[in-house]
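Each chain, written out:
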Amino acid sequence: DAGITQSPRHKVTETGTPVTLRCHQTENHRYMYWYRQDPGHGLRLIHYSYGVKDTDKGEVSDGYSVSRSKTEDFLLTLESATSSQTSVYFCAISELDRGNTEAFFGQGTRLTVV
Amino acid sequence: QQPVQSPQAVILREGEDAVINCSSSKALYSVHWYRQKHGEAPVFLMILLKGGEQKGHEKISASFNEKKQQSSLYLTASQLSYSGTYFCGTGPTSGSARQLTFGSGTQLTVLP
């Protein structure tokens, strides 16, 4: 199994509070991704990174920010959590170069905003 | 923009065949297929890179028509273990080639 760990695995937080989710890899893969999974929407890309300090927005980036100061860590921050951000969040890693290698997923973080 | 998958759900009996389709409005360089069991992370099945390429593993195979920007996943003689949600992921040729965007998924249920 690819070395990719998400933390925390479960979190309940209050509306308006900031939340940070962590993705840690031991594979030294260049690309890292954050997705959210909601019923009927599949996996939607939030942000992704193609190197240290190199990040870009995905299709549902509003209300989220990311940082990558080390190859192995990719942080997702909800600046002010809202109930619409209640979801399961997956991190993925890849050596993706124009799509020619597989992505490995973490076990997910279930976030509930009350 | 997410690729479009069809059907959204399919139920079949063990031993029957199924086809899941994936299409994109953007030009594609690659198509990925993943399967996710309930409560688990998605797991890689295969990647297709070339126009018209077909790949397969045992009774699961796929095709990729680059010109039509479409891919299909074929499951033959389905087994109970095939149940789960299938996602196609696409890496576009234009714009950012680094994105990996997934469809909304196809829920496959195999009954005994």
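So, a few notes on the structure that sits alongside this text. Just so it is clear, the structure is predicted and the values come from calculations on it, not from any experiment.

Following the criterion strictly, the structure yields eleven aromatic pairs over all chains and no others. With 6.0 Å between their ring centres and 40 degrees between their planes, Tyr35(A) and Phe105(A) make a pair best called tilted. Of this pair, Tyr35(A) sits in strand 4 (residues 31–38) while Phe105(A) sits in strand 10 (residues 103–105), and the two are 70 residues apart along the sequence. Accessibility expressed as a relative area gives 0% for Tyr35(A), which makes it buried. Ring centres of Tyr34(B) and Phe102(B) lie 5.4 Å apart, and the angle between their planes is 75 degrees; on these two criteria the pair is classed as edge-to-face. Taken together, the positions of Tyr34(B) in strand 4 (residues 28–36) and Phe102(B) in strand 10 (residues 101–102) put the pair 68 residues apart, joining distant regions of the chain. An aromatic cluster is present here, built from Tyr33(A), Tyr35(A), Tyr48(A), Tyr50(A), Phe90(A), Phe105(A), Tyr34(B), Phe44(B) and Phe102(B) joined pairwise through their rings.

Attention now goes to the state of the cysteines. Two cysteines form a disulfide when their sulfur atoms are joined by a covalent bond. Summed over the entire model, instances satisfying the criterion amount to two disulfides over all chains. Across the disulfide from Cys23(A) sits Cys91(A); the S-S distance is 1.9 Å. Here the disulfide of Cys23(A) and Cys91(A) is left-handed, its torsion about the S-S bond being about -75 degrees. With a gap of 68 residues between them, Cys23(A) in strand 3 (residues 19–25) and Cys91(A) in strand 9 (residues 87–94) connect regions that are remote in the sequence. Here Cys22(B) connects covalently by a disulfide to Cys88(B), the sulfurs 2.0 Å from one another. What sets the handedness of the Cys22(B) and Cys88(B) disulfide is the S-S torsion sign, and at about 70 degrees it is right-handed. Highlighted residues: Cys22(B) in strand 3 (residues 18–23) and Cys88(B) in strand 9 (residues 84–92), separated in sequence by 66 residues. Here Cys22(B) falls in the buried class, since its relative accessible area comes to 4%. Relative accessible area serves as the criterion here: at 0%, Cys88(B) is assigned to the buried category.

Attention now moves to the interface of chain B and chain A. Listed by partner, the interface residues are 24 residues for chain B and 25 residues for chain A. Between chain B and chain A the total buried area reaches about 2100 Å² when both faces are included, carbon and sulfur atoms providing 58% of it. Linking chain B with chain A are five residue pairs in polar contact (both at pLDDT 80 or more). Mapped onto the side of chain B that touches chain A, the elements with two or more residues apiece are strand 4, strand 5 (43–48) and strand 10 of chain B. Among the elements that take part in the side of chain B that touches chain A, strand 4 of chain B stands out by supplying five residues, more than any other. Looking at the side of chain B that touches chain A residue by residue, the classes come out as eleven nonpolar, eleven polar and two charged.

Attention shifts here to the sheet that holds strand 7 (residues 64–70) of chain A. All names here are of chain A. Taken together, four strands build an open sheet; the order of strands is 1-3-8-7 and the sheet is antiparallel. Across the chains shown, the open sheet's two edge strands, defined by having one partner strand only, are strand 1 (4–7) and strand 7. The sheet shows a mean angle of 20 degrees between the axes of neighbouring strands, taken without regard to direction. With six bridges connecting them, strand 3 and strand 8 (residues 73–78) associate as antiparallel partners. Counterpart to cysteine 23 in the pairing with strand 8 is phenylalanine 74.

Cut-offs used in this document
- Residues numbered from 1 in each chain as written.
- Chains lettered and ligands numbered in written order.
- Predicted model: local features only at pLDDT ≥ 70, side-chain atom pairs only at ≥ 80, totals over all residues.
- Heavy atoms only, no water.
- Phe/Tyr/Trp six-rings, centres within 6.5 Å; stacked < 30°, edge-to-face > 60°.
- Helix = DSSP H or I, 4+ residues; strand = E, 2+ residues; numbered from the N terminus.
- Buried < 20%, exposed > 50% of the residue type's maximum accessible area, 1.4 Å probe, protein only.
- Disulfide = S-S within 2.5 Å.
- Contact = heavy atoms within 4.5 Å.
- Buried area = accessible area lost by both parts, 1.4 Å probe.
- Polar contact = N/O pair within 3.5 Å; in protein donor to acceptor, adjacent residues only side chain to side chain.
- Nonpolar A, V, L, I, M, F, W, Y, C, P; charged D, E, K, R; others polar.
- Pairing = 2+ DSSP bridges.
- Axes fitted to C-alpha atoms, helices over the stretch in contact; angles between N-to-C directions.

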